[in-house]
Amino acid sequence: MRFLVRKRKQTPTVIIVALIDVLIVLLIFLMVTTTFKQQPAVRIALPESSHATRTGARENPPLVASIDAKGNLRLGPDAHPVTVDRFEAELLEAVAKKPDLTLLLDGDTHAPWGQVVKVMDAARKANVKLVNAAAKEPGQP
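Numbering of residues starts from 1 in every chain and runs along the sequence as written. The predicted origin of the model limits local features to residues at a pLDDT of at least 70 and limits the giving and counting of side-chain atom pairs to 80 or more, whereas totals for whole chains, interfaces and linings rest on all residues. The basis for every side-chain value is the complete set of heavy atoms in the structure, and neither hydrogens nor water enter the calculation.

### Some remarks on the pairing of strand β4 (residues 102–107)
Thinking step 1. The pairing criterion is simple: DSSP has to find at least two bridges between the two strands. Each helix is a run of DSSP H or I of at least 4 residues and each strand a run of E of at least 2, with the numbering of both proceeding from the N terminus. Sheet topology note: the strand β1 (residues 63–67)/β4 ladder contains five bridges and is parallel. Each bridged residue has a counterpart across the sheet, and for S66 the counterpart in β4 is D106.
Thinking step 2. As paired strands, β4 and strand β5 (residues 130–133) are joined by four bridges and run parallel to one another. Residue pairing in the sheet places L105 in a bridge with A133 of β5.

Set out below in structure tokens:
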């Protein structure tokens, strides 16, 4: 007697896990290759401030010109008194030594406006590129 073991024929099945893997790969491929158009929001040009850094934080410290309430003019780190003509000559010498010189105008609240204008004119004649006016923060002595 011969017993034959009959193998059952399996019905064809679709493997869902493999299809899900293929769909995920296709979805990732489409997401990566599709370009998204960026819709810009409001375009803003932000202003720049020359006072964003403190005066001593720069590599090139400015040349300080001080005007007191009586209109007396002082120049340099030692604050030696000068006349307007002498101020212009010393400013020309300083610009010759350092062409990118910055002038810091430190004036009293009650300084005569005419003296301030004379200092600005002397700076323009000496080709000073940048003239800043010093101010104190509110509440500071």
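Moving on, there is more to tell.
### With respect to the nonpolar core
Thinking step 1. Formed by 20 residues in total, the largest nonpolar core has its most connected members in L63, I67, F87, L91, L103, V119 and V128.
Thinking step 2. Mapped by element, the contributors of at least two residues to this core are β1, β2 (73–75), α2 (84–97), β4 and α3 (113–125).
Thinking step 3. By the convention used here, residues are in contact when the closest approach between their heavy atoms is within 4.5 Å. The contacts of F87, once residues within four sequence positions are left out, are A65, L73, L75, V82, L103, V119 and A122. The term nonpolar core refers to a set of buried residues drawn from Ala, Val, Leu, Ile, Met, Phe, Trp, Tyr and Cys, joined through side-chain atoms within 4.5 Å. For every residue, the accessible area (1.4 Å probe, protein chains only) is compared with the maximum for its type, and the residue is labelled buried under 20%, exposed over 50%, or partly exposed between those bounds.

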